[in-house]
Amino acid sequence: MINTIIKDFPLNVMYWAVKNNGKFEVIDGQQRTISICQFVDGEFAFKGRYFHNLQNDEQEKILDYKLMVYFCSGTDSEKLEWFKTINIAGEKLTDQELRNAVYSGSWVSDAKRYFSKSNCPAYAIGSDYLNGSPIRQDYLETAIKWISKNSIEEYMAKHQHDPNASALWRYFQDVISWIKATFPKKRKFMKGVDWGTLYNEFKDKVYDTKKLEEEIARLILDDDVTNKKGIYPYILTRKEKYLSIRTFSESIKQKIYDSVSFIGNRVSTDGKFSIETHILDYDIEVHDEEVEIFFVQFLRDNRKFENLEELKKQIELDIKEAKKVLKTCKIYK
């Protein structure tokens with residue numbers, strides 16, 4: 001970058017937000033700004049020469065170099081929309097980086113101290129449970145989302161001029177402490193769980209951690225539980241949707257099963273056309289899965305029965321006949 005300035009080549013446009021006190025918050029171009037200042041201040045050399053080693057005309061050329069900077073001012077909502085509009089080139093700013101610019105102030109500055117550096121306190125205690133990068137503001141965004149119940153911008157607007165973010169930091173510590181106490185055994189599946197939402201709802205309940213651990217261990221070994229991360233919200237909410245249960249496992253899909261099928265109008269019941277296949281000797285429920293049926297032998301014509309009892313008796317006879325036929329079938333032998 002210093003070489004670009006010395007040769008008087010243009011640098012990319014930088015974007016600064018105008019703060020209420022008349023100062024600026026660098027939105028895009030922070031690293032370029034810092035590098036220029038550090039070189040002029042003598043913190044590093046370029047091609048073996050520090051700034052003070054340059055001739056006067058070389059120093060003046062750098063000091064007189066013109067930067068292209070756009071200043072953004074207006075209401076919080078106007079600035080946020082403005083940042084979203086210009087955030088289209090290079091490495092895009094994250095949503096939380098944009099929010100930090102809009103709601104800049106004492107609260108954001110203090111929050112960054114806890115949540116926005118590679119070795120920040122939040123990373124030290126929460127890296128086993130959170131996804132993302134502190135530097136790209138993922139930890140800060142997650143913490144605000146949890147404490148605000150997903151009203152991030154409203155929360156930041158309310159606390160923008162608070163002297164510090166100690167309340168957010170205490171809340172985050174409480175969430176992590178609750179996770180460790182409720183689920184003391186760490187697993188890779190714990191990373192990225194919506195822990196704050198679970199904490200908000202279940203923090204006051206008392207659990208037998210030993211029983212929880214036993215159930216978690218069983219669910220992890222269950223092949224039909226396809227979303228292992230969902231075990232934790234399931235344990236607390238008892239909502240099976242978190243487990244993404246596979247009703248037809250991969251091992252089952254690879255097998256061929258004996259079955260008996262019916263194709264035709266259900267003349268003994270509702271009269272509607274139907275295609276039904278019943279898997280023999282296995283209690284398997286299949287929903288929304290693709291199956292392939294091999295027809296081996298026609299058993300009988302469709303006919304109407306006087307009552308359901310007669311129909312059931314005939315089905316039992318059909319099954320017995322189907323099993324005799326399938327014993328001699330070579331289709332999958």
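Owing to the predicted nature of the structure, the values given are computational and were not obtained by experimental measurement.

A.B. asks: Mind showing me how you'd approach the overall build of the protein here?
C.D. replies: When helices and strands are tallied, the protein shows 15 helices and 5 strands. A compact globule built from 333 residues would reach a C-alpha radius of gyration of about 20 Å, whereas the protein, at 33 Å, exceeds it by more than 25%. Expressed as lengths along the three principal axes of its C-alpha atoms, the size of the protein is roughly 105 × 50 × 40 Å. For the protein, the computed accessible surface area is about 21400 Å², with 49% contributed by carbon and sulfur atoms. Taking the 52 positively charged and 52 negatively charged side chains of the protein as two groups, their mean positions are separated by 3 Å.

A.B. asks: Any chance you could explain the packing of helix H8 (residues 138-148) against helix H10 (residues 166-182) here in plain terms?
C.D. replies: How two helices pack is summed up by the angle between their axes together with the distance between the axes. Where H8 meets H10, the closest approach of the two axes is 10 Å, and the angle between their N-to-C directions is 85 degrees. When the axes of H8 and H10 are compared, the pair comes out roughly perpendicular. When H8 is examined against H10, the residues Leu 140, Ala 143, Ile 144, Trp 146 and Ile 147 are found in contact with a partner set consisting of Ala 167, Leu 168, Tyr 171, Phe 172 and Val 175. Residues belonging to the contact of H8 with H10 are distributed by class as follows: 10 nonpolar, no polar and no charged.

A.B. asks: Would you explain the nonpolar core in this entry?
C.D. replies: One broad trend across soluble globular proteins is that nonpolar side chains are buried collectively. Counting residues in hydrophobic clusters, the biggest one holds 45 residues, and the most contacted among them are Trp 107, Phe 115, Phe 172, Phe 183 and Trp 195. For this core, the elements supplying multiple residues, two or more each, are helix H6 (106-115), H8, helix H9 (152-159), H10, helix H11 (195-202), helix H12 (209-221) and helix H13 (231-237). Counting residues per element, this core draws most heavily on H10, at 8 residues. Apart from the residues within four sequence positions on either side, Trp 195 is in contact with Tyr 129, Trp 146, Val 175, Trp 178, Ile 179, Phe 183, Met 190 and Tyr 232. Residues Phe 39, Phe 51, Leu 54 and Tyr 65 belong to the second largest nonpolar core, which totals 9 residues.

A.B. asks: Just to check I follow, could you spell out the packing of aromatic side chains for this structure?
C.D. replies: The geometry of two aromatic rings is summed up by the distance between their centres and the angle between their planes. Tallied over the full model, the rule gives 21 aromatic pairs. For the pair Phe 115 and Trp 169, a centre-to-centre distance of 5.9 Å together with 80 degrees between the ring planes defines the contact as edge-to-face. Here Trp 169 lies in helix H10 and Phe 115 lies in helix H6, a separation of 54 residues in the sequence. Taken individually, Phe 115 and Trp 169 each receive the classification buried, so the pair is uniform in this respect. With a relative accessible area of 12%, Trp 169 lands in the buried category. One aromatic cluster in this structure is built from Tyr 129, Tyr 171, Trp 178, Phe 183, Trp 195, Tyr 199 and Tyr 232. Positioned above the aromatic ring of Tyr 114 is the side chain of Arg 113, whose terminal nitrogen or guanidinium carbon lies 4.5 Å from the ring centre. Positioned above the aromatic ring of Tyr 199 is the side chain of Lys 203, whose terminal nitrogen or guanidinium carbon lies 5.6 Å from the ring centre.

A.B. asks: Can you help me understand the sheet that holds strand S1 (residues 14-18) in this one?
C.D. replies: The strands making up a sheet are joined through hydrogen bonds of the backbone, oriented either antiparallel or parallel. Taken in spatial order, the 3 strands make up an open sheet running S2-S1-S3, and their pairing is mixed. Every interior strand has two partners, whereas the edge strands, strand S2 (24-28) and strand S3 (69-72), have only one. Adjacent strand axes in the sheet meet at a mean angle of 30 degrees, parallel and antiparallel pairs treated alike. One ladder, built from 4 bridges, connects S1 with S2; its direction is antiparallel. The residue bridging Tyr 15 from the neighbouring strand is Asp 28, located in S2.

A.B. asks: Whenever I open this one, the environment of Val 267 confuses me. Can you help?
C.D. replies: Relative to the helices and strands, Val 267 resides in the loop between strand S4 (259-265) and strand S5 (273-279). What makes Val 267 partly exposed here is its relative accessible area of 33%. Val 267 sits 120 residues away from Ile 147 along the chain, and the two C-alpha atoms are 60 Å apart.

A.B. asks: For this particular structure, what's the right way to read the pairing of S1?
C.D. replies: Successive residues of a regular strand alternate their side chains across the two faces of the sheet. Counting buried positions over the 5 residues of S1 gives 4, a clear majority of the element. Of the pairings in the sheet, the one linking S1 to S3 comprises 4 bridges and is parallel in character. Within S3, the residue paired with Trp 16 across the bridge is Phe 71. Hairpin geometry of S1 and S2 is characterised by an intervening segment of 5 residues between the two adjacent antiparallel strands and by a positive phi of about 90 degrees at Gly 22.

A.B. asks: What's the story with unusual backbone geometry in this structure? I'm lost.
C.D. replies: Both trends apply: most residues other than glycine have a negative phi, and most peptide bonds are in trans. In this structure, Gln 137 is a non-glycine residue whose phi angle is positive, near 75 degrees. According to the relative accessible area criterion, Gln 137 is buried, its value standing at 7%. Its identity is not glycine, yet Lys 149 carries a phi of approximately 55 degrees, on the positive side. Its location among the elements puts Lys 149 in the loop between H8 and H9. Note on Lys 149: relative accessible area 65%, which makes it exposed.

Definitions and cut-offs
Residues numbered from 1 in each chain as written. Predicted model: local features only at pLDDT ≥ 70, side-chain atom pairs only at ≥ 80, totals over all residues. Heavy atoms only, no water. Helix = DSSP H or I, 4+ residues; strand = E, 2+ residues; numbered from the N terminus. Rg over C-alpha atoms; globule rule 2.2 N^0.38 Å. Areas by Shrake-Rupley, 256 points an atom, 1.4 Å probe, with all protein chains shown as cover. Lys, Arg positive; Asp, Glu negative; His and termini not counted. Charge placed at Lys NZ, Arg CZ, Asp CG, Glu CD. Axes fitted to C-alpha atoms, helices over the stretch in contact; angles between N-to-C directions. Parallel < 35°, antiparallel > 145°, perpendicular 65-115°, else oblique. Contact = heavy atoms within 4.5 Å. Nonpolar A, V, L, I, M, F, W, Y, C, P; charged D, E, K, R; others polar. Core = buried A, V, L, I, M, F, W, Y, C linked by side-chain atoms within 4.5 Å. Buried < 20%, exposed > 50% of the residue type's maximum accessible area, 1.4 Å probe, protein only. Phe/Tyr/Trp six-rings, centres within 6.5 Å; stacked < 30°, edge-to-face > 60°. Lys NZ or Arg CZ within 6 Å of the ring centre and 35° of its normal. Pairing = 2+ DSSP bridges.

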